[in-house]
Amino acid sequence: SQLPMGETTSGDQENCRAAFLQQHSLPSSESEDDDGFLELLDDQDLKNDEEMPSDVSSLWTAPLVMRRADNRTKRCRLFGSSSMSGIAGRTTQKRMERSQEENSPGKSKKRKSLPETSEDSTVGGSAPTFLKLVRTQPSTAEIESILDSDQRDLIGDFSKSYLFDTVDGKHQDLKYIDSDMIVSVLTGKFESFIKECVIIDCRYPYEYEGGHIKGAINLHMEEEVENFLLRKPIQPSENKRVIVVFHCEFSSERGPRMCWFVREQDRLSNEYPNLHYPELYVLKGGYKDFFSRCQSFCEPQSYRPMHHKDFKEDLKRFRTKSRTWAGEKSKREMYSRLKKL
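Calculation rules
- Residues numbered from 1 in each chain as written.
- Predicted model: local features only at pLDDT ≥ 70, side-chain atom pairs only at ≥ 80, totals over all residues.
- Heavy atoms only, no water.
- UniProt positions renumbered as here; feature names shortened; annotations may be inferred.
- Buried < 20%, exposed > 50% of the residue type's maximum accessible area, 1.4 Å probe, protein only.
- Helix = DSSP H or I, 4+ residues; strand = E, 2+ residues; numbered from the N terminus.
- Pairing = 2+ DSSP bridges.
- Phe/Tyr/Trp six-rings, centres within 6.5 Å; stacked < 30°, edge-to-face > 60°.
- Arc of directions from axis to C-beta.
- Contact = heavy atoms within 4.5 Å.
- Axes fitted to C-alpha atoms, helices over the stretch in contact; angles between N-to-C directions.
- Parallel < 35°, antiparallel > 145°, perpendicular 65-115°, else oblique.
- pLDDT = per-residue confidence, 0-100.
- Salt bridge = Lys/Arg side-chain N within 4 Å of Asp/Glu carboxyl O.

Going by what an unreviewed UniProt entry lists, the protein chain is known as M-phase inducer phosphatase and is assigned to Zosterops hypoxanthus. Recorded in UniProt under Sequence similarities (unreviewed entry), the annotation for the protein chain is "Belongs to the MPI phosphatase family." In the Function (unreviewed entry) part of its UniProt record, the protein chain is described as follows: "Tyrosine protein phosphatase which functions as a dosage-dependent inducer of mitotic progression."

Following this line, the structure appears as structure tokens:
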């Protein structure tokens, strides 16, 4: 017997709950700048999941799961990362499994209620209309077409391929280059292809003054980077590119975060997929790795870590300033959104 439209069985509810819990198990490192807050929520959710009924705990975890899904989708749209391909692959796999279940002997009762698909039941040899509507599994030709149109190796506006050879990094949606590639730029090996390569040092000023890559610009706050790059964008020439490289001490947090910020603001100020800076990179290993390998290309030729014992007060001051600005920016954005409602 068939259920009325809009009703679900207890088995469907359990499947939905399993899907929520599976998404909830994503590592917190994929969320943006949570400072460990989401990890605390993870522990609390697991505890509540044991103490509360299943229907209540699923509602408790839903907002956090949705926020993480929004963050992942947002980054995929910004950078065209492989995450979207992974999501599409999982969706296709689920559809194939669902199709196999429908063909299993256990589903024979439902199949008996369907009209016969013999030639007598068709008009002009065509299949019944309802069979075309329930078809969910993509054909081999459709899958090959999707793979052929994959744009993961193209720059942000999809106009051309990336110029630099990239390496694996912490964040899969970002493009990383190594120290040797920076040296190639500094020595002019890409001069015929690049109009300007902007190296943005996202460390705090006292770190920058203690040693930095030759020609790098010290911009440690989002407001500074936005004013420098987006208020009056650097225009590429007809055959030469404008490239931006971000880094911090290890290129673990501050550099990638600034790269995401620039791409987000660039998207907002252009009609998709156009960008002022479609080719962004992050220096893998940051200044620490670059200094250990290419000290002669640093000025001065020294390295001052963020947690230097002589600059504890400077660290505290710059961190407070950055967080205060970020908090005020969040309030301004929230107020702007409320005005649009």
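Let's pick the thread back up.
Asker: I'd love a proper account of the pairing of strand S6 (residues 280-283), names of residues and values included.
Answerer: Put simply, side chains in a regular strand alternate between the two faces of the sheet. Because side chains alternate across S6, one face comprises the buried residues Leu280 and Val282, and the other comprises Tyr281 and Leu283, equally buried. Pairing geometry for strand S1 (residues 176-177) and S6, over two bridges, is parallel. Within the sheet, the bridge partner assigned to isoleucine 177 lies in S6 and is leucine 283. Pairing of strand S5 (residues 241-247) with S6 involves three bridges; the strand directions are parallel.

Asker: I'd love a proper account of the packing of aromatic side chains, names of residues and values included.
Answerer: Any pair of aromatic rings gets described here by the distance separating the centres and the angle formed by the planes. One pass over the structure, following the stated rule, counts eleven aromatic pairs. Between tyrosine 287 and tyrosine 303, the ring centres sit 6.0 Å apart and the planes meet at 55°, which makes this aromatic pair tilted. Placement of tyrosine 287 in helix H12 (residues 286-293) and of tyrosine 303 in the loop between strand S7 (298-299) and helix H13 (312-340) is noted, with a sequence separation of 16 residues between them. Residue classification places tyrosine 287 among the buried positions, given a relative accessible area of 0%. Here the aromatic rings of phenylalanine 291 and tyrosine 303 are separated by 6.2 Å at their centres, their planes lie at 40°, and the arrangement is tilted. Of this pair, phenylalanine 291 sits in helix H12 while tyrosine 303 sits in the loop between S7 and H13, placing them twelve residues apart in sequence. Classification of phenylalanine 291 as buried rests on a relative accessible area of 16%. An aromatic cluster is defined as three or more aromatic residues linked by ring pairs; in this entry it consists of Tyr162, Phe164, Phe190 and Tyr281.

Asker: Can you lay out H12 for me, pointing to particular residues and giving the numbers?
Answerer: Within H12 the residues assigned to the buried category are Gly286, Tyr287, Phe290 and Phe291. Mapping the buried residues of H12 onto a view down its axis gives an arc of 140°, with all of them on the same face. In H12, the exposed positions angled more than 90 degrees off the buried face are occupied by Ser292 and Arg293. Packing partners of the buried residues in H12 comprise helix H8 (179-186), strand S3 (212-213), S5, S6 and S7.

Asker: For the packing of H8 against H12, give the residues involved together with the corresponding values.
Answerer: To characterise two packed helices, one gives the angle between the axes of the helices and the distance between these axes. Packing of H8 against H12 leaves a shortest axis separation of 10 Å and a crossing angle of 70°. Judged by the angle between their axes, H8 and H12 are roughly perpendicular. Listed contacts from H12 to Ser179, Ile182, Val183 and Leu186 of H8 are Asp289, Phe290 and Arg293.

Asker: Please set out the confidence of the model for the protein chain residue by residue, giving values where relevant.
Answerer: Summarising the model, the protein chain shows a mean pLDDT of 74, and 52% of its residues fall at 70 or more. For residues 24-65, every residue scores under 50 in pLDDT, and the model assigns this stretch 42 contacts once sequence neighbours within four places are set aside. Every residue in residues 106-124 scores below 50 in pLDDT, and together they form eleven contacts with partners more than four places removed in sequence or on other chains.

Asker: An account of the side chain of histidine 220 is requested, with residue identities and associated values reported.
Answerer: Looking at where histidine 220 falls in the secondary structure, it is placed in the loop between strand S4 (217-218) and helix H10 (222-229). Exposure remark for histidine 220: the relative accessible area of 11% places this residue in the buried category.

Asker: Describe the sheet that holds S6, and please don't skip the residues or the numbers.
Answerer: Spatially, five strands are ordered S1-S6-S5-S2-S4 in an open sheet, and the strand pairing comes out parallel. Of all the strands in the sheet, the pair left with one neighbour each is S1 and S4.

Asker: Break down the pattern of salt bridges for me, citing the residues and quoting the values.
Answerer: Enumeration over the complete set of coordinates arrives at seven salt bridges. The closest approach of N and O atoms between lysine 170 and glutamate 253, which form a salt bridge, is 2.9 Å. Of this pair, lysine 170 sits in the loop between helix H7 (140-148) and S1 while glutamate 253 sits in the loop between S5 and helix H11 (254-268), and the two are 83 residues apart along the sequence. Residue arginine 257 is joined to glutamate 253 by a salt bridge in which the shortest nitrogen-to-oxygen separation is 3.8 Å.

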